[in-house]
Amino acid sequence: MSIETLPADEHGGENVQRWAARGLPVPPGWRIHRADVAGLGHEALIRRLGALPGLFAGDRYWVLHQGTMNESSQRESLLNLDSDDALAAALGALFRREPAPAQVVVQALPRQRAAGVLFTRHPLRQDLSHMVVEGVVDGGAERQRLIFDEAGRLVYHSDSEREALEQVVGGERLLALGEQLRTLFDRPQAGEWVFDGDTLWLLQTLPVGSLPVPREVWVRRAAPALFNQAVTPLWYTLAGRWLKTRFWTPLAARRGWTDLARVEPYRRQHSHLYRNGEFFRRLLPDHPGAVDKVPPAWQPPATDNDPPASPPGRWRRARMGLELAWLARQLGRWRDPATDRERLWRGLMALDRLGERLARLDGELSYLILPDLLAGRRRPLPLAALLDEGEADALRAVLAGDQAALDASPLRPGADPVHAPLREKPAQWGSLRPARRTLDLAEPALPATLERWLVPWRRARRLRFELGERLRRLLRAGAAVRVNEGLLAHPDDVFFLYFDELWALWMERRLPASAAGEVLGQRKLRYLEDAHAGAPDWKMDRIGFGFGGGGRPSPVLRGSGLCPGRVEGPLRRLCSAWGLNRLQPGDIIVVDQVDPSWVPWLAQAGGLVIAGRDPCNAAAALAVAAGIPAVWGVSDVMHSVVDGQEAELDGEGELKVKS
């Protein structure tokens, strides 16, 4: 019996045959039966192995497949043998033992330059679709790691005293193999590979066992400029209820999502508002803009044939314009009520009703229409398309050094009523310094449909801020009365009550035990800590992913170049409006989500590093308009740098953190 060469065969009995038939770079292999070597001496077996057809010339080594590692595993046990002599000895020992296998598979390879494992999706992070490669360069025991993002950019590599893995193997080869594995298998794969200096060979691949599909998903990033920072308990119970009752509940009813009728769309954790990912999964078939609001395991395979979503017609836009105009008139006519209990409460209920009506429009614009229109866009929107008049005025005042205009500005850095306008001299007011920059607003024209829908989106956002300002004045007026009665220590404490606690305070003139003074103090402290540290991007099956608040520095972080230029300076992570007062001119500001109202502060940045690639990100738009060196799409940056570290930013796409 002769040693059997394994041909590529889609229906073959060996994995390597089926993989080769799919076009994967599998090394030549043979099936050796026990009878093939029976009666052969050691030297004769060496000669027979060396005469096999298709062998590599010169030095080579062998891989001996010993079967699955255990009954429940799909992983094969592979034995590396560095010579024909070693393989002959191993075969003799294997076939002499009892019980002996009837046959084994061997593969031949040239001498390796590097070897390792390629994960088509991050093996530990369910929130990332990044490809991770781990490997060792020949002659060393030091394991190196490479991480490529979904666009194929090398975004991380570990420091090494030996030759860099990406230089030895080549990132293009690794990406090509990863793309093959992604395309050919319906589950994330872990492929064991070997590089011989010319070809990247695949030894085996198996599903990544550490990536189960999450059952419950909560996402923090889910809409442009909507709940993008820490929120107080009161704003959560107001705005979260508005969107639930007037947007999500009617939407679920119209679409027949009966199982979601009693499911909460929002949850407040780490002082941030999280959205239930199940609602966005239901939107995916009709709304491509929802795809980045669900984790990679829930995302459908990408295809180029998916038709773009059609935006609502002009009559819907006209009706929305009329509703927004009515809300604007109602807020414009608003007058602060007298400070007696009944009138203040009736005023609060009137604003509450306006908030519900606005939430229906805000939800449709921020969750459905605008994300669909922006799906696939690779550049930020023009800055002028994102700012309202008050924000643009404040930015011009900063650029001109007009302190008087800033002192009188009604600009607030968040819709939450806890945020005071600049004219009240909040903590952030002191960090607004002149930024001598020239804005270049000559951006290419936007598609007409997108331009038309940005108008109501900006208006709805402005109304949300105006509503928050009126709520602020009313709530502080009522809280001042309770301070005089000794029920509250400070008027701002009212923002840290939940709505039922506010009702008891207001109507029953008592502070519930759940909101005792010590409890309120703890809530305020936790809120400020969370506002400075940030929160995980995702909560999946009760585990937080991403945005851990620093502490795990990476030496090199890469993204897409946004605005060219090189700058050095300290890193300053900005997670919420409360971090604006810590900014210094020349800082390299690291952000994830930002509110357009932060732009006057961001103008003093030496450089900008942006975690995502949201076209509505005002920091990205400012970088382009003001020529600030910037990169974006640095996916993991918010928890890969430590605040205050010195760094060098290259606007072509790289951030180097200095040790």
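Residues numbered from 1 in each chain as written. Predicted model: local features only at pLDDT ≥ 70, side-chain atom pairs only at ≥ 80, totals over all residues. Heavy atoms only, no water.

Considering the overall build of the chain
Helix and strand counts for the chain come out as 18 helices and 24 strands. Each of the 659 residues in the chain was classed as buried or not, and the buried ones make up 54%. Put simply, of all contacts in the chain between residues at least 6 apart along the chain, 67% involve residues at least 24 apart. Treating the 86 positive side-chain charges of the chain as one cloud and the 82 negative ones as another, the clouds have centres 7 Å apart. (Helix = DSSP H or I, 4+ residues; strand = E, 2+ residues; numbered from the N terminus. Buried < 20%, exposed > 50% of the residue type's maximum accessible area, 1.4 Å probe, protein only. Contact = heavy atoms within 4.5 Å. Lys, Arg positive; Asp, Glu negative; His and termini not counted. Charge placed at Lys NZ, Arg CZ, Asp CG, Glu CD.)

Some details on helix α4 (residues 84-96)
A rise of 1.5 Å per residue sets the reference length of α4, with its 13 residues, at 18 Å; its end C-alpha atoms lie 18 Å apart and thus fit the reference within 8%. Within α4, the full set of buried residues consists of Asp84, Leu87, Ala88, Ala90, Leu91, Gly92, Leu94 and Phe95. (Expected span 1.5 Å × (residues − 1).)

Remarks on the packing of aromatic side chains
A full pass over the atoms with the stated rule returns 13 aromatic pairs. Between the aromatic rings of Trp248 and Tyr367, the centroid separation amounts to 5.1 Å while the plane-to-plane angle is 45 degrees, which identifies the pairing as tilted. One end of the pair, Trp248, is in helix α7 (residues 233-255); the other, Tyr367, is in helix α10 (residues 341-374), and 119 residues separate them in sequence. Classification of Trp248 by relative accessible area gives buried; the value is 2%. Residue classification places Tyr367 among the buried positions, given a relative accessible area of 1%. Three or more aromatic residues link up through ring pairs in this structure, and these residues are Phe247, Trp248, Phe279, Phe280 and Tyr367. (Phe/Tyr/Trp six-rings, centres within 6.5 Å; stacked < 30°, edge-to-face > 60°.)

Digging into the packing of helix α3 (residues 42-50) against α4
Viewed as axis vectors pointing N to C, α3 and α4 meet at an angle of 120 degrees, and their least axial separation amounts to 9 Å. What the angle tells us is that α3 and α4 run oblique. For α3 against α4, the interelement crossing comes out right-handed. Touching His42, Leu45, Ile46, Leu49 and Gly50 of α3 are Asp84, Asp85, Leu87, Ala88, Ala89 and Leu91, all from α4. Of the residues assigned to the contact of α3 with α4, the class counts are seven nonpolar, two polar and two charged. (Axes fitted to C-alpha atoms, helices over the stretch in contact; angles between N-to-C directions. Parallel < 35°, antiparallel > 145°, perpendicular 65-115°, else oblique. Left-handed = near helix turned anticlockwise from the far one by under 90°. Nonpolar A, V, L, I, M, F, W, Y, C, P; charged D, E, K, R; others polar.)

Let's talk about the pairing of strand β13 (residues 266-269)
Going residue by residue along β13, you find Tyr266 and Arg268 tucked away on one face and Arg267 and Gln269 left uncovered on the opposite face. Linking β13 back to strand β14 (residues 272-276) in an antiparallel pair, the connection comprises two residues, with His270 at a positive phi of about 50 degrees. (Pairing = 2+ DSSP bridges.)

A closer look at the sheet that holds strand β11 (residues 200-207)
Across the sheet, which stays open at both edges, the six strands sit in the order β9-β8-β7-β6-β10-β11 with antiparallel pairing between neighbours. Of all the strands in the sheet, just β9 (154-157) and β11 have a single pairing partner and so form its edges. For this sheet the average axis-to-axis angle between neighbouring strands, irrespective of direction, equals 20 degrees. Note: strand β8 (residues 144-148) against β9, three bridges, orientation antiparallel. Within β9, the position partnered with Phe148 by the bridge is Leu154.

Description of the sheet that holds strand β12 (residues 217-219)
What the five strands build is an open sheet, ordered β13-β14-β12-β15-β16; its pairing is antiparallel. Both edges of this open sheet fall to β13 and β16 (543-545), since each of them pairs with a single strand only. Taking the axes of each pair of neighbouring strands and ignoring which way they run, one obtains an average angle of 30 degrees across the sheet. Taken together, the four bridges between β13 and β14 define a ladder with antiparallel strand orientation. Within β14, the position partnered with Arg267 by the bridge is Tyr274. Strands in contact with α7 are β13 and β14; relative to β13, the strand with the most contacts, it is inclined by about 165 degrees.

A look at the environment of Leu439
Mapped onto the secondary structure, Leu439 falls in the loop between α13 (403-407) and α14 (448-484). Take Leu439: its relative accessible area is 27%, and that puts it in the partly exposed class.

Structural notes on unusual backbone geometry
Even without being a glycine, Ala225 presents a positive backbone phi close to 60 degrees. Summarising the element assignment, Ala225 is placed in the loop between β12 and α7. Under the relative-accessibility criterion, Ala225 is labelled buried at 10%. Although it is not a glycine, Phe227 sits at a positive phi angle of roughly 55 degrees. Inspection of the secondary structure assignment puts Phe227 in the loop between β12 and α7. For Phe227, a relative accessible area of 10% gives the class buried.

Quick look at the pattern of salt bridges
Counting across every chain of the model gives 50 salt bridges. Residue Arg241 pairs with Asp352 through a salt bridge whose shortest N-O separation is 2.6 Å. With Arg241 in helix α7 and Asp352 in helix α10, this residue pair connects regions lying 111 residues apart in the sequence. Given the relative accessible area of 26%, Arg241 is considered partly exposed. The partner of Arg472 in a salt bridge is Glu424, with the nearest N and O atoms 3.0 Å apart. Here the residue Arg472 occupies a position in helix α14, and Glu424 occupies one in the loop between α13 and α14, the gap between them amounting to 48 residues. Taking the relative accessible area as the measure of exposure, Glu424 reaches 40% and is therefore partly exposed. If you follow the salt bridges from partner to partner, you end up with Arg220, Arg221, Asp537 and Asp592 in one network. (Salt bridge = Lys/Arg side-chain N within 4 Å of Asp/Glu carboxyl O.)

Observations regarding the nonpolar core
Among soluble globular proteins, nonpolar side chains are generally buried collectively. Trp248, Phe280, Tyr367, Leu471, Leu475 and Leu502 are the most contacted members of the largest nonpolar core, which totals 125 residues. In terms of residue count, the dominant contributor to this core is α10 (14 residues). Discounting chain neighbours no more than four positions away, the residues touching Trp248 are Leu243, Pro265, Tyr266, Phe279, Phe280, Leu283 and Tyr367. If you look at the next biggest cluster of nonpolar residues, it comprises 29 residues, including Trp30, Ala88, Leu109 and Leu203. (Core = buried A, V, L, I, M, F, W, Y, C linked by side-chain atoms within 4.5 Å.)

Description of the packing of α7 against α14
Contact pair α7 / α14: the axes reach a minimum separation of 13 Å and the direction vectors enclose 135 degrees. On the basis of their axis angle, the class for α7 and α14 is oblique. In this structure, α7 crosses over α14, and the sense of that crossing is right-handed. On the side of α7, the interface is formed by Leu234, Trp235, Leu238 and Trp242, while α14 contributes Arg464, Leu467, Leu471 and Leu475. When the residues that make up the contact of α7 with α14 are grouped by side-chain class, the tally is seven nonpolar, no polar and one charged.

What to know about helix α9 (residues 314-332)
Between its first and last C-alpha atoms α9 spans 26 Å; for 19 residues at 1.5 Å apiece the expected length is 27 Å, and the two agree. By the burial criterion, the buried members of α9 are Arg316, Met320, Glu323, Leu324, Ala325, Leu327 and Leu331.

Notes on the side chain of Gln107
Relative to the elements of secondary structure, Gln107 occurs in strand β5 (residues 103-110). On the accessibility criterion, Gln107 (0% relative accessible area) is buried. In this structure the side chain of Gln107 is engaged in a polar contact, spanning 2.7 Å, whose partner is the side chain of His65. Those residues in contact with Gln107 that sit more than four places away from it in its chain are Val16, Val26, Pro27, Pro28, Gly29, Tyr61, Trp62, Val63, His65 and Leu203. (Polar contact = N/O pair within 3.5 Å; in protein donor to acceptor, adjacent residues only side chain to side chain.)

These results come straight from atomic positions and should not be treated as a statement about function.
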